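Tertiary structure, described
Read off the chains here:
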Amino acid sequence: MLGGKVVSVGFVWPLVPPCLNCPPHTLYGCVVTPLFLLLLLLLLLLLLLLSLSLLLLQYNLASRYLHHYSPSDLPPLLAACATLPPFCWPSKAWCVTLMSHLHPRLKTLNPRALGLTAWALGKMGLKLRGDFAGEIQAGFKAGLEGAGSREVALMVHGLAGCGWRPDALWVGVVLYRVEQQLRSYSGADLAMLLGALVKMR
């Protein structure tokens, strides 16, 4: 009872189908609602397909013009791909192409760029070749004095995600830098760093 009028819920199970049980003035609404939901679902699927098509176009363009990018452009590009949902991640072949362009230029990257590279590759589950991982950690070790707490945490987290196991000397150098910066670490960065170190054991 609502406002002195009887309101039907439009469903008596299992004797009468819902739409046939609706009052005459609500029958149209019962028919339109499923159609509206179906059209909305089709529209969402269309938008999803369009988004995936645009992503594929961006990957193709990025692959075609990789040689035009400067070394500092490639780590942010890789990190941007890693922030996408997993079903939108680029293919392994695309990542290998990008890494092959990046490999000769690793020594020119700053600690932040090296940290982004290691984090992105680790998040997407890519395993690094020994020489590639070795050059990343060597470059990061050389620039460790200028690396901030976030860069150190990203680097260690990324290398751990790539399945790399550093030697004790590298870990000792990193831990010494962490001890120097300990007060500047946020709780999230410190947790990420410690979790990565445990994974590297």
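The structure this text deals with has already been given above.
Residues numbered from 1 in each chain as written. Predicted model: local features only at pLDDT ≥ 70, side-chain atom pairs only at ≥ 80, totals over all residues. Heavy atoms only, no water.

Nonpolar side chains tend toward joint burial in soluble globular proteins. Among the nonpolar cores identified, the biggest contains 45 residues, and Leu128, Val152, Val156, Leu159 and Trp170 are the most heavily contacted of them. Taken together, the elements giving at least two residues each to this core come down to helix 3 (74-82), helix 4 (92-102), helix 5 (111-123), helix 6 (130-142), helix 7 (149-161), helix 8 (168-181) and helix 9 (187-200). The residues contacting Val156, other than those within four sequence positions of it, are Trp170, Val174, Leu193, Ala196, Leu197 and Met200. (Core = buried A, V, L, I, M, F, W, Y, C linked by side-chain atoms within 4.5 Å. Buried < 20%, exposed > 50% of the residue type's maximum accessible area, 1.4 Å probe, protein only. Helix = DSSP H or I, 4+ residues; strand = E, 2+ residues; numbered from the N terminus. Contact = heavy atoms within 4.5 Å.)

On to the pattern of salt bridges. Under the criterion given, the structure shown has two salt bridges. The salt bridge partner of Arg112 is Glu151, with a shortest N-O separation of 3.2 Å. With a gap of 39 residues between them, Arg112 in helix 5 and Glu151 in helix 7 connect regions that are remote in the sequence. With relative accessibility at 45%, the residue Arg112 sits in the partly exposed group. Note that Arg150 and Asp189 form a salt bridge whose closest N and O atoms lie 2.8 Å from each other. (Salt bridge = Lys/Arg side-chain N within 4 Å of Asp/Glu carboxyl O.)

Here the focus is helix 7. The end-to-end C-alpha distance of helix 7 is 18 Å, a good match for the 18 Å that 13 residues give at a rise of 1.5 Å each. In terms of residue burial, helix 7 counts as a mostly covered element, since 11 of its 13 residues are buried. Summarising the contacts, the buried residues of helix 7 are in contact with helix 5, helix 6, helix 8 and helix 9. The first or second residue beyond helix 7 is Gly163, which carries a positive phi of 80 degrees. (Expected span 1.5 Å × (residues − 1).)

Turning to its location among the elements, Asp189 is positioned in helix 9. Overall, Asp189 belongs to the buried group, its relative accessible area being 5%. In this structure, Asp189 is in contact with Arg150 and Ala153, ignoring residues within four places of it in sequence.

Looking now at the environment of Arg165. Locating Arg165 in the fold gives a position in the loop between helix 7 and helix 8. Taking the C-alpha atoms as reference points, Arg165 and Met200, 35 residues apart in sequence, are found 5.4 Å from one another. From its side chain, Arg165 meets the backbone oxygen of Lys199 in a polar contact 3.3 Å long. (Polar contact = N/O pair within 3.5 Å; in protein donor to acceptor, adjacent residues only side chain to side chain.)

Turning next to the packing of helix 5 against helix 7. Close contact between helix 5 and helix 7 brings their axes to 7 Å; oriented N to C, the two are set at 35 degrees. Regarding helix 5 and helix 7, the two cross each other, and that crossing is left-handed. Along the contact surface, helix 5 presents Pro111, Arg112, Leu114, Gly115, Leu116, Ala118, Trp119 and Gly122, while helix 7 presents Glu151, Leu154, Met155, His157, Gly158, Leu159 and Gly161. (Axes fitted to C-alpha atoms, helices over the stretch in contact; angles between N-to-C directions. Left-handed = near helix turned anticlockwise from the far one by under 90°.)

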